[in-house]
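Given next are the chains, with one letter for each unit.
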There are 4 protein chains.
Amino acid sequence: MSDEVLRVGVIGARGRMGTEVTQAVDAADDLDLVAAVGGREWLFSLSDAGSQVVVDFTHPDVVMEHIRFAVDQNIHAVVGTSGIDDERAETIRGWLASKPGLGVIVVPNFAIGAVLAARFAREAARFFESAEIIELHHAGKVDAPSGTAIATARGIAGARAAAGLAAVPDATTMEAAGARGAQVDGIHVHSVRLPGMVAHQEVVLGSSGETLTIRHDSLHRSSFMPGVLLAIRSVADHPGLTFGLEQLLGLD
Amino acid sequence: MSDEVLRVGVIGARGRMGTEVTQAVDAADDLDLVAAVGGREWLFSLSDAGSQVVVDFTHPDVVMEHIRFAVDQNIHAVVGTSGIDDERAETIRGWLASKPGLGVIVVPNFAIGAVLAARFAREAARFFESAEIIELHHAGKVDAPSGTAIATARGIAGARAAAGLAAVPDATTMEAAGARGAQVDGIHVHSVRLPGMVAHQEVVLGSSGETLTIRHDSLHRSSFMPGVLLAIRSVADHPGLTFGLEQLLGLD
Amino acid sequence: MSDEVLRVGVIGARGRMGTEVTQAVDAADDLDLVAAVGGREWLFSLSDAGSQVVVDFTHPDVVMEHIRFAVDQNIHAVVGTSGIDDERAETIRGWLASKPGLGVIVVPNFAIGAVLAARFAREAARFFESAEIIELHHAGKVDAPSGTAIATARGIAGARAAAGLAAVPDATTMEAAGARGAQVDGIHVHSVRLPGMVAHQEVVLGSSGETLTIRHDSLHRSSFMPGVLLAIRSVADHPGLTFGLEQLLGLD
Amino acid sequence: MSDEVLRVGVIGARGRMGTEVTQAVDAADDLDLVAAVGGREWLFSLSDAGSQVVVDFTHPDVVMEHIRFAVDQNIHAVVGTSGIDDERAETIRGWLASKPGLGVIVVPNFAIGAVLAARFAREAARFFESAEIIELHHAGKVDAPSGTAIATARGIAGARAAAGLAAVPDATTMEAAGARGAQVDGIHVHSVRLPGMVAHQEVVLGSSGETLTIRHDSLHRSSFMPGVLLAIRSVADHPGLTFGLEQLLGLD
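From a predicted model like this one, the values you see are computed outputs, not experimental measurements.

S.K.: For the overall build of chain A, give the residues involved together with the corresponding values.
M.R.: Along its length, chain A carries seven helices and 13 strands. Taking 2.2 N^0.38 as the reference for a compact globule, 252 residues should give roughly 18 Å; the C-alpha atoms of chain A span a radius of gyration of 20 Å, in line with that estimate. For chain A, the spread of C-alpha atoms along the three principal axes comes to 65 × 40 × 35 Å. For chain A, buried positions account for 58% of its 252 residues. A fraction of 73% describes how many contacts in chain A between residues 6 or more apart in sequence connect residues 24 or more apart. When the accessible surface of chain A is totalled, it reaches about 10000 Å², and 50% of it is carbon and sulfur.

S.K.: Could you give me a rundown of the packing of helix 5 (residues 112-125) of chain C against helix 6 (residues 147-162) of chain C, with the residues and numbers involved?
M.R.: Residues and elements named next belong to chain C. Put simply, helix 5 and helix 6 touch, their axes get as near as 8 Å, and they point 25° apart. The angle between helix 5 and helix 6 falls in the class roughly parallel. Handedness of the crossing formed by helix 5 with helix 6: right-handed. Contacts between helix 5 and helix 6 involve A118, A121, R122 and A125 from the first element and T152, G155, I156, A159 and R160 from the second. Residues of the contact of helix 5 with helix 6, tallied by class, amount to five nonpolar, two polar and two charged.

S.K.: Just give me the short version of the pattern of salt bridges, but keep the residues and values in it.
M.R.: Counted under the stated rule, the structure contains 52 salt bridges over all chains. Salt-bridge contacts for R14 of chain A lead to E41 of chain A; the nearest nitrogen and oxygen are separated by 2.0 Å. Of this pair, R14 of chain A sits in the loop between strand 1 (6-11) and helix 1 (16-27) while E41 of chain A is found in the loop between strand 2 (31-37) and helix 2 (44-48), placing the two residues 27 residues apart along the sequence. For E41 of chain A, a relative accessible area of 40% translates into the label partly exposed. Salt-bridge contacts for E132 of chain D lead to R180 of chain D; the nearest nitrogen and oxygen are separated by 2.9 Å. Here the residue E132 of chain D occupies a position in strand 6 (residues 130-137), and R180 of chain D occupies one in the loop between strand 8 (174-175) and strand 9 (182-184), the gap between them amounting to 48 residues. In terms of burial, E132 of chain D and R180 of chain D fall into one category: buried.

S.K.: Now, about the domain arrangement of chain A: what can you tell me, with residues and values included?
M.R.: All names here are of chain A. If you check the domain split of chain A, you get domain 1 (6-106 + 222-249) and domain 2 (112-219). One C-alpha centre belongs to domain 1, the other to domain 2, and the line joining them spans 31 Å. The interface is formed by eight residues belonging to domain 1 together with six residues belonging to domain 2. Carbon and sulfur atoms make up 62% of the surface buried where domain 1 meets domain 2, a total of about 550 Å² over both sides. Where domain 1 touches domain 2, the interface holds two salt bridges. Its salt-bridge partner being E246, residue R122 comes within 2.8 Å of it at the nearest N-O pair. Here domain 1 and domain 2 share three residue pairs in polar contact (both at pLDDT 80 or more) between them. For the side of domain 1 that touches domain 2, the residue count by class is five nonpolar, two polar and one charged.

S.K.: A description of the packing of aromatic side chains should follow, citing residues and the corresponding values.
M.R.: Tallying each qualifying case throughout the model produces 14 aromatic pairs over all chains. Aromatic pair F44 of chain A and F69 of chain A: ring centres 5.1 Å apart, planes at 90°, arrangement edge-to-face. Here F69 of chain A lies in helix 3 (residues 63-72) and F44 of chain A lies in helix 2, a separation of 25 residues in the sequence. Taking 5.0 Å as the distance between ring centres and 45° as the angle between the ring planes, the aromatic pair formed by W42 of chain B and F44 of chain B counts as tilted. Through successive ring pairs, a cluster of aromatic residues spans W42, F44 and F69 of chain A.

S.K.: So, the relation of the copies chain A and chain B: which residues are in play, and what are the values?
M.R.: Comparison of the two chain copies shows a relationship of rotation about an axis with a shift along it. Expressed as a screw operation, the relation of chain A to chain B combines 0.0 Å of axial shift with a rotation of 180°, fitting to an RMSD of 0.0 Å. On this basis, the relationship between the two copies can be described by a two-fold rotation axis. Within chain A, the C-alpha atom positioned nearest to the axis of rotation is that of G178 of chain A, 1.9 Å from it.

S.K.: Outline the UniProt feature "binding site: (S)-2,3,4,5-tetrahydrodipicolinate" (unreviewed entry) in chain A, supporting the account with residue identities and numerical values.
M.R.: All names here are of chain A. Mapped onto this numbering, the UniProt entry gives "binding site: (S)-2,3,4,5-tetrahydrodipicolinate" (unreviewed entry) at H138, G147 and T148. In this structure H138 touches R193, L194, M197 and V198, once residues within four positions along its chain are discounted. With respect to the helices, strands and loops of the structure, G147 is situated in helix 6 (residues 147-162).

S.K.: Report on the interface of chain A and chain B, specifying residues and quantitative values.
M.R.: Opposite the 44 residues of chain A that make contact, chain B presents 44 residues. Both sides together, the interface formed by chain A and chain B hides about 2900 Å², and carbon and sulfur atoms give 65% of it. Of all residues in chain A, V142, L194 and P195 of chain A bury the most surface against chain B, accounting for 17% of the area lost on that side. There are zero salt bridges connecting chain A and chain B.

S.K.: Lay out the side chain of T22 of chain C in plain terms, naming residues and giving numbers.
M.R.: Turning to its location among the elements, T22 of chain C is positioned in helix 1 (residues 16-27). Look past the residues within four positions of T22 of chain C in its chain and what remains in contact with it is V10, A13, L33 and A36 of chain C.

S.K.: I'd like to hear about helix 7 (residues 225-234) of chain C, residue by residue, with values.
M.R.: The element helix 7 of chain C is extensively covered by neighbouring structure, given that seven of its ten residues are classed as buried. Along helix 7 of chain C, the residues classified as buried are M225, G227, V228, L229, A231, I232 and S234 of chain C.

S.K.: Outline the packing of helix 3 (residues 63-72) of chain C against helix 4 (residues 86-96) of chain C, supporting the account with residue identities and numerical values.
M.R.: Residues and elements named next belong to chain C. Where helix 3 meets helix 4, the axes come as close as 10 Å, and the angle between the chain directions of the two elements is 15°. Here helix 4 runs roughly parallel to helix 3, going by the angle between their axes. Of the two elements, helix 3 crosses helix 4, and the hand of that crossing is right-handed. Along its contact with helix 3, which presents V63, M64, I67, R68 and V71, the element helix 4 presents R88, T91, I92, W95 and L96. Considering only residue class, the contact of helix 3 with helix 4 consists of seven nonpolar, one polar and two charged.

S.K.: Mind laying out unusual backbone geometry, listing which residues take part and the relevant values?
M.R.: With the exception of glycine, the majority of residues adopt a negative phi angle, and the majority of peptide bonds are in the trans configuration. Residues and elements named next belong to chain A. Following A144, the chain continues to P145 via a peptide bond in cis, the omega torsion being 0°. For P145, the location among the structural elements is in the loop between strand 7 (143-144) and helix 6. Positive phi values are uncommon outside glycine, yet D185 reaches one of about 50°. Mapping D185 onto the fold places it in the loop between strand 9 (182-184) and strand 10 (187-193).

Conventions and cut-offs
Residues numbered from 1 in each chain as written. Chains lettered and ligands numbered in written order. Predicted model: local features only at pLDDT ≥ 70, side-chain atom pairs only at ≥ 80, totals over all residues. Heavy atoms only, no water. Helix = DSSP H or I, 4+ residues; strand = E, 2+ residues; numbered from the N terminus. Rg over C-alpha atoms; globule rule 2.2 N^0.38 Å. Buried < 20%, exposed > 50% of the residue type's maximum accessible area, 1.4 Å probe, protein only. Contact = heavy atoms within 4.5 Å. Areas by Shrake-Rupley, 256 points an atom, 1.4 Å probe, with all protein chains shown as cover. Axes fitted to C-alpha atoms, helices over the stretch in contact; angles between N-to-C directions. Parallel < 35°, antiparallel > 145°, perpendicular 65-115°, else oblique. Left-handed = near helix turned anticlockwise from the far one by under 90°. Nonpolar A, V, L, I, M, F, W, Y, C, P; charged D, E, K, R; others polar. Salt bridge = Lys/Arg side-chain N within 4 Å of Asp/Glu carboxyl O. Domains from an automatic or database assignment. Buried area = accessible area lost by both parts, 1.4 Å probe. Polar contact = N/O pair within 3.5 Å; in protein donor to acceptor, adjacent residues only side chain to side chain. Phe/Tyr/Trp six-rings, centres within 6.5 Å; stacked < 30°, edge-to-face > 60°. Least-squares fit on C-alpha atoms with pLDDT ≥ 70 in both. UniProt positions renumbered as here; feature names shortened; annotations may be inferred.

Structure follows, in structure tokens:
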């Protein structure tokens, strides 16, 4: 990428995340905020302003239209909107097939700490006899376990399977229903919902005589901005469709 | 109680806890270990040796016989054996009715830290919107939740009810079975089972903007000895049947 | 106190805490917000409006003048402003001497969780061989340890002394300067300063084989409002000068 | 390495770690315990028994002699004894220079969880504004901070420097001596010493709105055995001098 300033447009600029993103882009010396449109506004103001990258925090109902627009206009896209499933991902790859230099990055969780926590849990999994997940959120959350916890559990289960580990040990024979949590691919996950909590996750791995705990605490959506900026700066170097921040961190 | 040394007998002296108890009594300047019998040995060696207090760590099948013996012989008893339910307690009270100066103390958990943790959780409960319990034990434990967690949950629920608090808030509408734990009197309890753990319990209380966490970690049965010694030294001053260490701590 | 609504005035109503307080009073059914003045405005609007209780979150330079005004006008006062030392407390007691029914409550920390944590730490102290404090705050805090940690350490040290406990055990002979923290009345206190933290304190008490941890996490100043409302509702029943929320909690 | 059983000798076999090691080797199907000698016994029984790998848990005063013996006899060595500094390492490399297939592995900490924790802390360091370390040990430990904490702090400091990060932020202007801990290469380290603790370390990394915590708890020396067995099985594939377990874990 050149040393020149990167021209950035934001879609959904007046939502909670969008507001935070416009401020973060505005404050970055190497980024230039050239357009900020609401979720249902005229998208061509993005291309008219010469956006090189657009950031989308809108709604699952409209996000595909936005990505299609960006691809058509040869603008890279960073997508924080949820709802991009396997089928939609296939559609996006189809659009990108004829645009070899163009990148779309879809990110379920922009908190770099959360990305690292999930990665470390996965890497550590094969060295321990067992692992469980405790995730703690505010009492207003409707789903349990959290999406992040489910993804983390799957990562751990996959790493254990790849290493040939057996099922986690569990001698429980008398259980009050639910005490041992939900099982996600064989990994026990416990969801605490409590006023005063924000978003927290703890992976505990254990073997005879030792435990390793990897905990991420997210207290404010400002914690997502370093990840958003990283994705904006990296998208041009990652043509095609990329899922998640991990490959952008340069850890491998 | 006089300044003289207290004469102590131990029943179940060759079990894991009994061994630890005989050593602890032996090491205490104000206590004299005068008899140490196995779980099925001749009990009269306890009275022949002039025991003033007997400590019992044996088995639910024989503990009532031991307590009956102690009461008959006018010896105070400290009981760490499990299995003393309401009916048995009533029986013991009957035996003690005609022995006004005699004391029997039945203790489910001798770890003073665990007793304090349960008490503090109960005291704090009415000041917070909600509370949940996470207990973590080694993977060989057969029951979930632990008995201590169930007792703690009941204490919290009782304190909330006495203060007129409503049910704990919970917006969960999409739950993978078990994710939100077991409910004990309306309090959510989560049981983690992991190699490397010993016996740990965490009560988390939350209100808008703050949480209070009370955690007890028990790593070794040596942690029970201060509670055993306290019960031995206190039993003569607590005639009748006493449940648990809390009243002996002088906190009220 | 009667069943009628209590008339409340706020001084410093446009500061961060004052704004939060006016909203909390406004939202409470049993309280009536009758006056809200800035830190340097005409105080008589408080008495003209018939305030029965005033709440002060202003500045150490002006707080004594505000308390003097309240006492003169026979208005109870709840004071969250810092800077009330022993000398000032003596002055306030002098003012109150001739007003036997009037109450002034000075509160260093309105978070009920923090008050409970300090109390529990003090109560538990005599049952453990040792205790240390770890407090964690955002990187912008200028003092270390925090005032709350110092007060907690003194409470623990006092409880240990009253119980006749010796100095805490410490075998350290090779120490990089500062590793073992600051000592406050013989209790080691460690201050962590980190972006992403808000205000957290952990007291860890330990004896052979067990530890008891009491942790308070304060994430938002909304956590202070239950304590402010409690003080407003209680002040008329606590004539004279009261320090801290603990006596208002009804724990003894 | 062939599928045949590996012949292992243990030096210092009657010490606490040596005893544990002999049992662990004995219990492993792919290892054959062929010799177990005390720290000051006849070393040639190791070679007479056909040891292919020797494990040394003895004393800094004699460990170099043992390594020299192993190299002379063309036996691979796994060394858990402390005291191998840079100068000694140079000496060992000299001995190995003429033995291209021979391996010596010197391991400061055999707990795989501790190795992973240090690695993850180092990897995460460049993504966070700051990091601090809290290590907690039993009250009998003489040095503060622990050697593991010092090594972890250096790893974090190195990673921060390599990424061009500035010094960690710290606004402290009023500090009770020691409150902010010891500084190791600019990283603050806090050492808690408490009865009831064994060996624990927590690295906390923070940025605006989030923290990542990596904690290792070591409760028993059984936690070292998986690392010891890994080193025994790997040493023949790592000719020359290797420091620590990390390269053996296959994480890169």
